[in-house]
Amino acid sequence: MPGDDEDPPTEESPVAAATGKTEVAEHDTLKYHLLGPSLTKAGQDSVDQQKVSEIIYNASKGSKFFNNEEFKDKNLTQKIERILARKKQLEKVDLASDLRRADEYIAELELSRDLSQTVVHIDCDAFYAAVEELDRPELKDVPMAVGKGVLTTCNYHARKFGCRSGMAGFVAMKLCPQLICLPLNFEKYTSKAQEVRTILADYDPRFESASIDEAYLNITEYCQEKEMDPEEVVTQLRNEVAEKTKITISAGIAANAKIAKIASNRNKPNGQFRVASDRATILAFMRDLPCRKVNGVGRVFERELDAIGVKTCGDLYAQRAYLSKLFGHKAFQFLMQCYLGLGRTQVAPAAEHERKSVGTESTFKDMSDKSELRAKLRWIAEELEKDLTRTQFKGRTLVLKTKLHTYEVLTRQTVVPKAINAAEDLYTYSLPMLTKLEREIPGMKLRLMGLRCTHLVSTKKDEVDFFGMRRVEPSSVKRTTTDDEGWEIWPEAEAEFEEAARQERQEEMDELERLSQEQPPQPLNPVSKVENYNESRSLRNAEDIEEANRRRKHGREVLPNPSPQKGASGKSSPAKAGPEAWACPICGLPQVAQDRAFNDHIDYCLSRQTIKEAAKAEQPLGSGGKENRGSKRKVAVTTGNAARKKLFFGK
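Residues numbered from 1 in each chain as written. Predicted model: local features only at pLDDT ≥ 70, side-chain atom pairs only at ≥ 80, totals over all residues. Heavy atoms only, no water.

Chemist: Explain the sheet that holds strand β10 (residues 393–404) to me, please; I cannot follow it from the model alone.
Modeler: What links the strands of a sheet is backbone hydrogen bonding, and the strands pair in either a parallel or an antiparallel sense. Read from one edge of the open sheet, 4 strands run β9-β12-β10-β11, paired in antiparallel fashion. Edge positions in the open sheet fall to β9 (357–367) and β11 (409–420), since each of these has one partner strand only. Neighbour to neighbour, the strand axes of the sheet diverge by 15° on average, direction disregarded. The pairing of β9 with strand β12 (residues 446–458) spans 8 bridges and is antiparallel. By the bridge assignment for β12, Met367 is matched with Leu446. Taken strand by strand, helix α17 (residues 370–391) contacts β9, β10, β11 and β12, and its axis lies near 155° from that of β9. Along the sheet, helix α18 (residues 423–440) makes contact with β10, β11 and β12, crossing β11 at roughly 150°. (Pairing = 2+ DSSP bridges. Helix = DSSP H or I, 4+ residues; strand = E, 2+ residues; numbered from the N terminus. Axes fitted to C-alpha atoms, helices over the stretch in contact; angles between N-to-C directions. Contact = heavy atoms within 4.5 Å.)

Written out as structure tokens, the structure is:
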């Protein structure tokens, strides 16, 4: 049964559970926070989390990172106190109308439940480590990790010691002195990921890459065509990946993406788990599920929910009247989806998702020299130009992000006169923002700087129609539904919380990178020496920083899905690529993508003779007289081809 491998829920908070105490002491919440973003990763079940938290706490105490985390923890504690005070006030008020509204919303969500689709979430097992082990098979049976300043991946032997992704390297070495650490090799990982993606395309050509090592597929059509059970299909898929790529994947199978992602973590590594597509099973699965297991609930939100007595998704129902008052409308909507086990069923290539911004940022050692800061800004502008060119966008708003040596983040933005993507323009318009910051903060020291363009304008030819409007496929149009009081209905809330969770994880990786840079070189077991540790500390820090910058950009690439390699018969078949075509804005028919031929066709469509003939063709038989002659043009634009309805040549 779903949930059988979960520990029974208790009243003990996750903070107390991780630190081994029932009553939370002054810094126990901070110790729990320092456990990192990957606490729920597979392979951590037998780990003494209290020991891990003590090691991280003692190793980082006194550092800038620790002081910043302590400050944030105190702020969160104060926020939770305000939440509890607010809840105490609400308990004295009649919330019958809020309860009724919540129940109505739940009923509305229930009506939207779609059990007709089969969505699969696949996750490569310890991906970076698995790829490295292919080149060095001797590492398969010993604790090993990938990453220097911060671990990006650990194999399952290392996880038994408490090591995990997002952990500072020196902390991991304290937990597991025999840990072997390898440097990152993104070219190798990207190549292997593409091998996996090629196989996925055979099962769902429109699969969605969530990151370099995970993806969503909708296999509903594949199951119907092959007359196979979903579990059979996924078993076949996993076996094919293992045979052809020599790495293993785990999978979750469910009626929607939210549950599929949770399920993929159940039988790791090299396993699969299915949540049956019926309402009762889904509700039972979610009832005992810790909220932290849901994508979109991070450590901060987990603590806030825990404070009001919500530990599992099943606990949400009893608090439904309070949720919108305490956390806001969108949080309420998202949490009710979690309670009901609802999520998106649509899976689409990442390239089709509407992009909101394009940006790049860089970490460096504390920098205050104005000439150095300007040189760094120019370099970032050049990097952003490359990203904008690759993604084919220009931006109308330019945002400057800076992080002080105290870890305080400051952002400034400006609206530029025209959409820009050239490095010189990016530098020219961002420099005044940096200069203003220098005036506001004398002696300003930075350790991170970034530029981001928003309010994007596509530079793709095939996405701009004849009238300069961006062409949008009907399937990609965002449909926003609102209730009687103007609340947005999911999936907007779901996507927003998942994006917030991704940002939180990235920020945690960045912060841990700073922590690793503040520590002196640690003596390592001889077996783990993969580089010359006699290098100067400054050189090691420079390499760690450069690694962090590469990692921050890695995974942001939006690559087109590979073409399916198998036809309906299951045999390999070459991808069919048709000639590029542009749709005529007048008649809507595809035309050869050549400027001159396309312009000639538009001239033809716009010719007065063509319009007259169209009007005559639409005129009813047997009509005549002045009245009908005067209405010919109206007929031409109110009936017939939809493209012609937009034209009115009046006189």
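Chemist: It is not clear to me how helix α13 (residues 279–287) should be interpreted in this structure. Could you clarify?
Modeler: Owing to its 3.6 residues per turn, the α-helix aligns residues three or four sequence positions apart on the same side. For α13, the full list of buried residues reads Thr281, Ile282, Phe285 and Met286. The buried residues of α13 occupy an angular sector of 125° when projected down its axis, which confines them to one face. Each element contacted by the buried residues of α13 is listed here: α12 (257–263), β8 (272–274) and α16 (329–340). (Buried < 20%, exposed > 50% of the residue type's maximum accessible area, 1.4 Å probe, protein only. Arc of directions from axis to C-beta.)

Chemist: Please clarify how the state of the cysteines should be interpreted in this entry.
Modeler: Note: disulfide means a covalent bond formed between the sulfur atoms of two cysteine side chains. Tallied over the entire structure, the rule returns 0 disulfides. Left without a disulfide partner, Cys291 is nearest to the cysteine sulfur of Cys313, which lies 4.5 Å away. By relative accessible area, Cys291 is classed as buried at 5%. (Disulfide = S-S within 2.5 Å.)

Chemist: Whenever I open this one, the nonpolar core confuses me. Can you help?
Modeler: Side chains of nonpolar character tend, in soluble globular proteins, to be buried together. Ranked by internal contacts, the top residues of the largest apolar core, which has 45 residues, are Val275, Met286, Val294, Leu316, Leu323, Phe327 and Met336. At the level of secondary structure, the elements contributing two or more residues to this core comprise α4 (64–90), α5 (96–111), α12, α13, α14 (299–307), α15 (320–327) and α16. Excluding residues within four positions of it along the chain, Leu316 makes contact with Val310, Leu323, Leu335, Met336, Cys338 and Tyr339. By size, the runner-up hydrophobic cluster in this structure holds 38 residues, among which are Ala129, Ile180, Leu182 and Phe207. (Core = buried A, V, L, I, M, F, W, Y, C linked by side-chain atoms within 4.5 Å.)

Chemist: For this particular structure, what's the right way to read α16?
Modeler: An ideal rise of 1.5 Å per residue puts 16 Å on 12 residues; α16 measures up with 17 Å between its terminal C-alpha atoms. Those residues of α16 not exposed but buried are Ala331, Phe332, Gln333, Phe334, Leu335, Met336, Gln337, Cys338 and Leu340. One or two residues past the end of α16 sits Gly341, with phi positive at roughly 70°. (Expected span 1.5 Å × (residues − 1).)

Chemist: What am I meant to see in the side chain of Asp123 here?
Modeler: Take Asp123: it is sitting in strand β1 (residues 119–124). Here Asp123 falls in the buried class, since its relative accessible area comes to 14%. With residues up to four places along the chain from it excluded, the contact list for Asp123 reads Asp213, Glu214, Ile249, Ser250 and Lys268.

Chemist: Could you clarify how one ought to interpret unusual backbone geometry in this entry?
Modeler: Only a minority of non-glycine residues have a phi that is not negative, and only a minority of peptide bonds are not trans. Note the cis peptide between Lys268 and Pro269, where omega equals -10°. For Pro269, the location among the structural elements is in the loop between α12 and β8. Despite not being glycine, Ala126 has its phi angle at roughly 45°, a positive value. Within the secondary structure layout, Ala126 lies in the loop between β1 and α6 (127–135). Overall, the relative accessible area of 9% leaves Ala126 in the buried class.

Just geometry here; none of it tells us what the structure is for.
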